Amino acid sequence: MNISEINVKEEWAYYNQVAPIRTARIAGSDYRYRYYKNEKSTKTIVVLAGGSGLSDGFFLFLRSLMDKYSLLCPFYEPYLKDNNATADAIAELVSQLKIDGAFFWGQSYGGLLAQLIALKHPNVAGGLLLTSTASFSNEITFEGMQCLVKMVNKEKEDAKVKKMQKMPFPLVRKMFPLMFKKHLKGDKKAYQTIKELIACLEDEISKELSIHMCHLLGDLRNHFGKYKKEQFDFLSGKVLIIEPDDDKTFTDDIKDALANNFINPKVIRKVEGGHLAIMFNPDGYIEIIDEFLSGL
């Protein structure tokens with residue numbers, strides 16, 4: 001898949017057709033999600049986005065996964081105020097849809113949410129697909145914990161929220177393509193594709209969501225260092241970790257702590273593209289995921 005050669009509008013229209021937004025009644029409110037049922041597949045991947053909160057941002061990648069798997073894409077609803085409530089709601093959604101043994105794929109923040117769902121609701125988790133993420137392990141070194149605290153400390157959360165509250169809403173939308181620009185190494189055509197992709201998501205990009213994601217990221221500090229390896233024993237051999245060598249978001253000891261927190265995980269690090277490699281090297285990820293899931 002060459003991202004610079006894709007007709008984004010056509011792909012977006014097809015994605016909306018086969019995986020329309022639906023609602024379920026969860027925690028007293030309407031909870032939004034997308035669900036694509038592949039009748040030929042026995043495996044369902046639950047898509048958990050990173051700090052943007054936009055699982056639809058991966059729709060080009062998800063279109064390729066649809067050939068082999070069913071997909072569930074939950075939204076991060078602002079009425080669910082913290083990560084515990086969000087994890088509970090997603091587990092409830094999986095149960096309502098009668099999905100047996102879902103594979104939770106989490107990118108960055110989504111990877112941490114995937115681990116929390118598995119910890120709290122092991123009955124719904126058939127496995128984890130973790131990309132460019134960190135660990136809640138209580139064995140992270142002091143250096144690693146410093147890195148995490150720097151990312152999610154209360155002062156930083158408050159400063160981000162204050163900035164978002166003051167920022168004109170159109171500017172919030174314009175910021176999203178800039179998040180990708182540095183990863184494209186001057187490829188103007190690919191950057192134009194990213195801008196078209198973000199334009200498709202305009203209705204979902206809101207100041208409310210951006211502020212909500214600041215709070216969810218900040219709430220992670222209530223979970224770091226609290227969980228032990230043995231709590232994940234039930235996922236032995238059912239965890240795939242993809243951490244690109246050139247992704248410097250998390251320190252090496254955080255990456256090691258993630259791998260060491262599971263029994264017999266499959267760990268892949270020879271992938272290029274940094275923290276958002278999955279956007280720019282989707283074929284490489286799909287090949288790795290297919291190989292892993294075919295063995296389960």
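Remember, it's a predicted structure, so these values are computed and weren't measured experimentally.

**Looking at the side chain of D56**
So, point 1. Here D56 lies in the loop between β3 (44-48) and α2 (59-65).
So, point 2. For D56, the side chain forms a polar contact with the side chain of Y15, separated by 3.1 Å.
So, point 3. For D56, the residues in contact, after removing those within four places along its chain, are W12, Y15, R34, F75, L201 and E204.

**What to know about the pattern of salt bridges**
So, point 1. Evaluation of the coordinates by the stated rule reveals 10 salt bridges.
So, point 2. In this structure, the salt-bridge partner of D56 is R34, at a minimum N-O distance of 2.9 Å. A residue pair is termed long-range when its members are at least 10 positions apart, and D56 in the loop between β3 and α2 and R34 in strand β2 (residues 29-36) qualify at 22 residues. Of the two residues examined, D56 and R34, each falls in the buried class.
So, point 3. Residue E204 is joined to R34 by a salt bridge in which the shortest nitrogen-to-oxygen separation is 3.7 Å. Remark: R34 occurs in strand β2 and E204 occurs in the loop between α8 (188-200) and α9 (207-219); sequence separation between them is 170 residues. Exposure class is identical for E204 and R34. Each is buried.

**Examining the side chain of N261**
So, point 1. Relative to the assigned elements, N261 resides in the loop between α10 (252-260) and β8 (266-268).
So, point 2. N261 gets classed as buried once you look at its relative accessible area, which sits at 2%.
So, point 3. Discounting residues that sit within four places of it in the chain, N261 has contacts with S135, S137, K228, K229 and F232.

**Section: the environment of D100**
So, point 1. Tracing the chain through its elements places D100 in the loop between α3 (83-96) and β5 (102-107).
So, point 2. Note on D100: relative accessible area 70%, which makes it exposed.

**Overview of helix α6 (residues 154-166)**
So, point 1. Over its 13 residues, α6 runs 19 Å from end to end, which matches the ideal 18 Å to within 8%, given 1.5 Å per residue.
So, point 2. Every buried residue of α6 is listed here: E157, V161 and M164. Along α6, the residues classed as buried sweep out an arc of 65° about the axis, all on the same side. Within α6, the exposed residues directed more than 90 degrees away from the buried face are E155, K163 and K166.
So, point 3. The distance from a side-chain oxygen at the start of α6 to the backbone nitrogen of E155 is 3.1 Å, and the residue carrying that oxygen is N153.

Reading the values: rules and limits
Residues numbered from 1 in each chain as written. Predicted model: local features only at pLDDT ≥ 70, side-chain atom pairs only at ≥ 80, totals over all residues. Heavy atoms only, no water. Helix = DSSP H or I, 4+ residues; strand = E, 2+ residues; numbered from the N terminus. Polar contact = N/O pair within 3.5 Å; in protein donor to acceptor, adjacent residues only side chain to side chain. Contact = heavy atoms within 4.5 Å. Salt bridge = Lys/Arg side-chain N within 4 Å of Asp/Glu carboxyl O. Buried < 20%, exposed > 50% of the residue type's maximum accessible area, 1.4 Å probe, protein only. Expected span 1.5 Å × (residues − 1). Arc of directions from axis to C-beta.

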